[in-house]
Amino acid sequence: MPVTGGGFPLEIKGDLQYYVTIVGQQTPGSYSFVGPDGSVLPVTRQPKEGMSFQLSTVTGGGGTARVTVPAHLEGGRIFISKDPLIMPSSTDSAGQPSDTGYVQPDLNNPADPNQGNPYDFFEFTFDNGRIAFGGNTTQVDGFSLPMTAELKQDSSGFDQTVGIKGRDAGQVIDEYRSYTAGTPFASLVSPGGTHITAPRSAPAFRPGGAASQYFDSVVADAWKRWDGEGKFRLPVGTSVYVGGTQGAGTQLVFREEVNGQPTGEKGTVSMPVTPDVAACSGSLAQGSDLEKSVEVQLCAAFNRGISQNAPDIWDDASTYYKDGTYNKYAAFFHSISEDHLAYGFAYDDVNSQSSVMILPNRDAPTSLALAIGN
């Protein structure tokens, strides 16, 4: 049942020697953390041992830890880690602690104090009565621990489970190595074999990296295919975006039509390069809202290996990750996740392929249950 005050119970199953850290915003721009008793304090007031607490200290019996999540927490993350995470608060211009942020783990930084500490997280936003609960498991930044999340709301009959079930971390990483063998994605496994870095965060897919041209040829082929007015035709909702390029290296120029009639709205997209595709950034995350609505579709198409198909069938999930050049990191996590839903790249929610769960009303969930490993 939702708890008094509009919060809800969080249950965590698995190895109760692991730690949990819950952080988010109750006031925009100010981060707080949740204590084992459900209390909420600014990140500047975390104890010297940090914001993490061991699951065994909040066990409710039956191998399940229980914590009360408050009625309002936006931009929230529930971190699960083998050891306590070191995440100090941000500092202001004078070098004093500030609740405007907190230092999250960066396993690409050899000096990060969380190196060697496998962790993963569930992200969510909720404000009882104002913002419907929405949350998801994610591999957008990387992978260390398999996790499932079950969200329930008895009043609406909502009950959905997402994530990776039936595998421990070692099994996932071994399967990933086999799946990506012989490709640039195989290099994303950490030297110690405890973490997989997502392409968008990996030096290999950034400018100058070993895989920094991985998507370039399929982008160039698409730009040639769309050379000429009307060669590009993309339906999105009630709109259809119609236009074309003038060959490789040029901009994609398009206009919006509704019911076959131009609305007068026009946009352009600059030809992306591999780092743009891997991170859904740069030329694929700029300009007007109209341009961004096309850019997210383009980025999803290149990651899913479907840009060679006509844009008007990009919503056919049966065509994703089949042949040729595509994001094999994302493809792998879709292949092992519940209902093949995963967040493998930033725009993976295009065509509802991500692990996002959103309640149908703004009331509190009945429960959120996370399970670590198999």
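Residues numbered from 1 in each chain as written. Predicted model: local features only at pLDDT ≥ 70, side-chain atom pairs only at ≥ 80, totals over all residues. Heavy atoms only, no water.

**Some remarks on the overall build of the chain**
Okay, so step 1: Looking only at helices and strands, one finds five helices and 21 strands in the chain.
Okay, so step 2: Relative to the globule expectation of 21 Å for 374 residues, the C-alpha radius of gyration of the chain, 22 Å, shows essentially globular dimensions.
Okay, so step 3: With the C-alpha coordinates aligned to their principal axes, the bounding extent of the chain is approximately 65 × 50 × 45 Å.
Okay, so step 4: Split into buried and exposed, the 374 residues of the chain put 51% on the buried side.
Okay, so step 5: Counting only contacts in the chain whose residues sit at least 6 apart along the sequence, the fraction spanning at least 24 positions is 61%.
Okay, so step 6: As displayed, the chain has an accessible area near 15,900 Å², and 47% of this comes from carbon and sulfur atoms.
Okay, so step 7: Charged side chains of the chain number 24 positive and 40 negative; the gap between the two group centres comes to 2 Å. (Helix = DSSP H or I, 4+ residues; strand = E, 2+ residues; numbered from the N terminus. Rg over C-alpha atoms; globule rule 2.2 N^0.38 Å. Buried < 20%, exposed > 50% of the residue type's maximum accessible area, 1.4 Å probe, protein only. Contact = heavy atoms within 4.5 Å. Areas by Shrake-Rupley, 256 points an atom, 1.4 Å probe, with all protein chains shown as cover. Lys, Arg positive; Asp, Glu negative; His and termini not counted. Charge placed at Lys NZ, Arg CZ, Asp CG, Glu CD.)

**Looking at the packing of aromatic side chains**
Okay, so step 1: Scanning the model with the defined rule gives 24 aromatic pairs in all.
Okay, so step 2: Taking the centre distance of 5.7 Å and the plane angle of 50° together, the rings of W223 and W226 count as tilted.
Okay, so step 3: With a relative accessible area of 0%, W223 lands in the buried category.
Okay, so step 4: The class of W226 is buried, set by a relative accessible area of 1%.
Okay, so step 5: Clustering of aromatic rings is evident, with ring pairs tying together F143, Y176, Y179, Y329, F332 and F333.
Okay, so step 6: Against the face of Y326 rests K328, its NZ or CZ located 4.2 Å from the ring centre. (Phe/Tyr/Trp six-rings, centres within 6.5 Å; stacked < 30°, edge-to-face > 60°. Lys NZ or Arg CZ within 6 Å of the ring centre and 35° of its normal.)

**Looking at the nonpolar core**
Okay, so step 1: Counting residues in each nonpolar core, the largest one holds 53 residues, and the members touching the most others are I196, L298, F302 and F333.
Okay, so step 2: Those elements that place two or more of their residues in this core are α1 (169-180), α2 (216-225), β16 (232-236), β18 (252-258), α3 (274-279), α4 (289-304) and α5 (328-336).
Okay, so step 3: In terms of residue count, α4 provides more of this core than any other element does, seven residues in total.
Okay, so step 4: Those residues in contact with I196 that sit more than four places away from it in its chain are G142, F143, I173, Y176, L188, V189, Y329 and F333.
Okay, so step 5: The next biggest cluster of nonpolar side chains, apart from the first, holds 33 residues, and it includes L73, I80, M147 and L359. (Core = buried A, V, L, I, M, F, W, Y, C linked by side-chain atoms within 4.5 Å.)

**Section: α1**
Okay, so step 1: Taking 1.5 Å per residue, 12 residues should reach 16 Å; α1 reaches 17 Å between its end C-alpha atoms and fits that length.
Okay, so step 2: Taken together, the buried positions of α1 are V172, I173, Y176 and T180. Taken down its axis, α1 places every buried residue within 95° of arc, on the same side.
Okay, so step 3: Residues of α1 that are buried in the fold lie against β12 (142-143), β15 (196-197) and α5. (Expected span 1.5 Å × (residues − 1). Arc of directions from axis to C-beta.)

**A short note on the sheet that holds strand β13 (residues 147-153)**
Okay, so step 1: Spatially, five strands are ordered β6-β1-β21-β13-β14 in an open sheet, and the strand pairing comes out mixed. Since the sheet does not close on itself, it has two edges, and those belong to β6 (64-69) and β14 (158-163), each with one partner. Each strand axis lies, on average, 15° off the axis of its neighbour in the sheet, ignoring direction. (Pairing = 2+ DSSP bridges. Axes fitted to C-alpha atoms, helices over the stretch in contact; angles between N-to-C directions.)

**Some details on the packing of α1 against α5**
Okay, so step 1: Axis separation between α1 and α5 bottoms out at 10 Å; the angle between their running directions is 130°. One way to sum up the angle between α1 and α5 is to call them oblique. Where α1 crosses over α5, the handedness of that crossing is right-handed. In this structure, α1 contributes V172, E175, Y176, Y179 and T180 to the contact, and α5 contributes K328, Y329, A331, F332, F333, S335 and I336.
Okay, so step 2: Broken down by class, the residue content of the contact of α1 with α5 amounts to eight nonpolar, two polar and two charged. (Parallel < 35°, antiparallel > 145°, perpendicular 65-115°, else oblique. Left-handed = near helix turned anticlockwise from the far one by under 90°. Nonpolar A, V, L, I, M, F, W, Y, C, P; charged D, E, K, R; others polar.)

**Some remarks on the pattern of salt bridges**
One side chain can pair with another of opposite charge once the charged atoms of both are near each other.
Okay, so step 1: Under the definition given, this model contains 11 salt bridges.
Okay, so step 2: The salt bridge partner of E257 is R255, with a shortest N-O separation of 3.2 Å.
Okay, so step 3: Exposure remark for E257: the relative accessible area of 8% places this residue in the buried category.
Okay, so step 4: With relative accessibility at 26%, the residue R255 sits in the partly exposed group.
Okay, so step 5: One network of salt bridges, with partners in common, ties together E74, D127 and R130. (Salt bridge = Lys/Arg side-chain N within 4 Å of Asp/Glu carboxyl O.)

**Things to note about the environment of M51**
Okay, so step 1: Note that M51 resides in the loop between β4 (40-42) and β5 (53-54).
Okay, so step 2: For M51, a relative accessible area of 3% puts it in the buried group.
Okay, so step 3: Taking the C-alpha atoms as reference points, M51 and D127, separated by 76 residues in sequence, lie 22 Å from one another.
Okay, so step 4: Residues in contact with M51, not counting those within four places in the same chain, are V20, T21, V23, F33, V43, Q46, M87 and Y102.

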